[in-house]
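Breakdown of the fold
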Amino acid sequence: MRVFVTSGTDIDKAFDFNTQMISVGRSSDSDIQLKDQFASHNHLKIYRKDDKWYLQDLNSRNGTFVSGERVTPGEQFEVSEGLSIVVGMSVLSLGKELSDGMLSALTSPDLPRPRQDASQRSHAERKKTGQKNMDLVYKVYHVLRESLEIKEKLTKTLDFIFDLLLRIDRGVIMVFENETGELKEVASKCRKGADGPKYSKEVVDWVLRHKEAFMISDADLMGGEVMPETLRLRSIKSVMCVPLICRSRLKGVIYVDSVSRPHGFRGEDVYLMRALSGPIAMAVENAFLTEKSTLPKQA
């Protein structure tokens, strides 16, 4: 059996097993070890019985979801090839990759956001925030599937992000050009009064180099040795930047910041942006392929 990781920090990994049982979790003893802080150390097991595959949630903290349905902890749940299995903020599939990537699992209206130890908000507040996050995922998912130019798709996507995350003052989506390979701004937005350069090049360069998300909630509390110099020079209070990656290929970045106040972003905002980055990167890749197919052939 081959297990694919379609989304999350271990995206694009695939594991081959000849055993009858596979363990999944953050533990180093797991057959599939996920670097996902919302997955439990011993999250679930997948096993074969009577020529069928089943999974069992091992009383994980944030639960396991199969195609949007929550699995009852400790009970046997039959699974088949191609179904989305959500573990924390990671999405797995058995036998074959998901056709719609992580969105086939994440767009379920009944799927709650993972709980966080640091959250001091009430249950009602978390539930409301989770629903708003899912509404955003829905909106972005649908606009990316519309018959629009990629610039219009990304502009609408950035508008949706601004509507939800009111703490954002500036934002930009940048992608690599087909022919030159240069990173170019495709969509940008600034709130009234947020003047100056649209992004920190130092932060964007770090994300491109490491292919990892970057976030600073309060730049005033960061030490000078670890804080990018451009944040101080440009009075940036909070910043978040996420890479756009499709099939292990870097397509660009989403960058947002706040210059009006610190604590502009929370940890859950990074995971939300990561949830959006996969479909956005895929839309950019599809636009790239469409552009190549329509180029005139040379004689």
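Bear in mind the structure is a predicted one, so any value in this text is a computation, not a measurement.

The next thing to look at is helix H4 (residues 201–210). Where H4 is concerned, the buried positions are Val203, Val204, Val207 and Leu208. All buried residues of H4 fall inside an arc of 135° around its axis, so they share one side. Downstream of H4 by a residue or two, lysine 211 has a phi angle that is positive, lying close to 55°.

Under the criterion given, the structure shown has four aromatic pairs. Ring centres of phenylalanine 15 and phenylalanine 17 lie 6.4 Å apart, and the angle between their planes is 20°; on these two criteria the pair is classed as stacked. Where tyrosine 199 meets tyrosine 255, the ring centres are 6.1 Å apart and the plane angle is 70°; that geometry is what we call edge-to-face. Pair noted here: tyrosine 199 is in the loop between strand E13 (183–190) and H4 and tyrosine 255 is in strand E16 (residues 249–258), with a separation of 56 residues, a long-range link. The ring centre of phenylalanine 288 lies 5.3 Å from the NZ or CZ of lysine 251, which sits over that ring.

Moving on: the nonpolar core. Core analysis: the biggest nonpolar cluster contains 32 residues, and Leu154 and Ile280 have the highest contact counts within it. Listing elements by their share of this core, those giving two or more residues are helix H2 (123–145), helix H3 (150–164), strand E12 (170–176), E13, strand E15 (238–246), E16 and helix H6 (267–294). With residues up to four places along the chain from it excluded, the contact list for leucine 154 reads Ile173, Val175, Val186, Ala187, Ile280 and Val284. Counting 20 residues, the second largest nonpolar core, distinct from the first, contains Leu34, Leu44, Val71 and Leu92.

Below, the discussion takes up the pattern of salt bridges. Under the criterion given, the structure shown has 11 salt bridges. Between glutamate 146 and lysine 156 there is a salt bridge, with the nearest N and O atoms lying 3.9 Å from each other. Of this pair, glutamate 146 sits in the loop between H2 and H3 while lysine 156 sits in helix H3, and the two are 10 residues apart along the sequence. Its relative accessible area of 34% is what places glutamate 146 among the partly exposed residues. Looking at lysine 156, the relative accessible area reads 31%, which means it is partly exposed. In this structure, a network of salt bridges that share partners links the residues Arg249, Lys251 and Glu285.

With respect to the helices, strands and loops of the structure, methionine 1 is situated in the segment before strand E1 (2–7). Residues methionine 1 and isoleucine 22, 21 residues apart in the sequence, show an inter-C-alpha distance of 9.7 Å.

Here E12 runs beside E13; their pairing, made up of seven bridges, is antiparallel. Bridged to valine 175 within E13 is lysine 184.

Next up on the list: the sheet that holds E12. The five strands lie next to each other as E13-E12-E16-E15-E14, forming an open sheet whose pairing is antiparallel. With one partner strand each, in any of the chains shown, E13 and strand E14 (214–216) form the two edges of the open sheet. With strand direction ignored, the average angle separating the axes of adjacent strands in the sheet is 15°. In this sheet, E16 lies alongside E12 in antiparallel orientation, the contact comprising six bridges. The partner of methionine 174 across the bridge, within E16, is valine 253. Running over the sheet, H3 touches E12 and E13 and is turned about 40° from E13. Set on the sheet, H4 makes contact with E12, E13, E14, E15 and E16; between it and E16 the angle comes to about 145°.

Moving on to the sheet that holds strand E6 (residues 52–57). Taken in spatial order, the five strands of this open sheet run E4-E3-E5-E6-E9, and their pairing is mixed. Edge strands, defined here as strands with exactly one partner in the open sheet, are strand E4 (32–33) and strand E9 (77–79). Pairing analysis gives three bridges linking E6 to E9, with the strands arranged antiparallel. When the bridges of E9 are listed, leucine 55 appears paired with phenylalanine 77.

Turning our eyes to something else, we now look at the side chain of glutamine 56. On the secondary structure map, glutamine 56 appears in strand E6. A polar contact is formed between the side chain of glutamine 56 and the backbone oxygen of glycine 74, at a distance of 3.1 Å. Ignoring sequence-local partners within four residues, the contact set of glutamine 56 consists of His43, Leu44, Lys45, Tyr47, Gly74 and Glu75.

Attention shifts here to the confidence of the model for the chain. Close reading of the predicted structure is inappropriate where its pLDDT is low. Mean pLDDT over the chain stands at 78; residues scoring 70 or higher make up 76%. Here residues 99–123 scores under 50 on pLDDT; set against residues more than four positions off or in separate chains, the count is 53 contacts.

Quick look at unusual backbone geometry now. A positive phi angle, near 60°, is found at aspartate 51, a position not held by glycine. The topology assignment puts aspartate 51 in the loop between strand E5 (44–49) and E6. The phi torsion at asparagine 59 lies on the positive side, around 55°, for a residue other than glycine. Counting through the fold element by element, asparagine 59 comes out in the loop between E6 and strand E7 (64–66).

Conventions we followed
Residues numbered from 1 in each chain as written. Predicted model: local features only at pLDDT ≥ 70, side-chain atom pairs only at ≥ 80, totals over all residues. Heavy atoms only, no water. Buried < 20%, exposed > 50% of the residue type's maximum accessible area, 1.4 Å probe, protein only. Helix = DSSP H or I, 4+ residues; strand = E, 2+ residues; numbered from the N terminus. Arc of directions from axis to C-beta. Phe/Tyr/Trp six-rings, centres within 6.5 Å; stacked < 30°, edge-to-face > 60°. Lys NZ or Arg CZ within 6 Å of the ring centre and 35° of its normal. Core = buried A, V, L, I, M, F, W, Y, C linked by side-chain atoms within 4.5 Å. Contact = heavy atoms within 4.5 Å. Salt bridge = Lys/Arg side-chain N within 4 Å of Asp/Glu carboxyl O. Pairing = 2+ DSSP bridges. Axes fitted to C-alpha atoms, helices over the stretch in contact; angles between N-to-C directions. Polar contact = N/O pair within 3.5 Å; in protein donor to acceptor, adjacent residues only side chain to side chain. pLDDT = per-residue confidence, 0-100.

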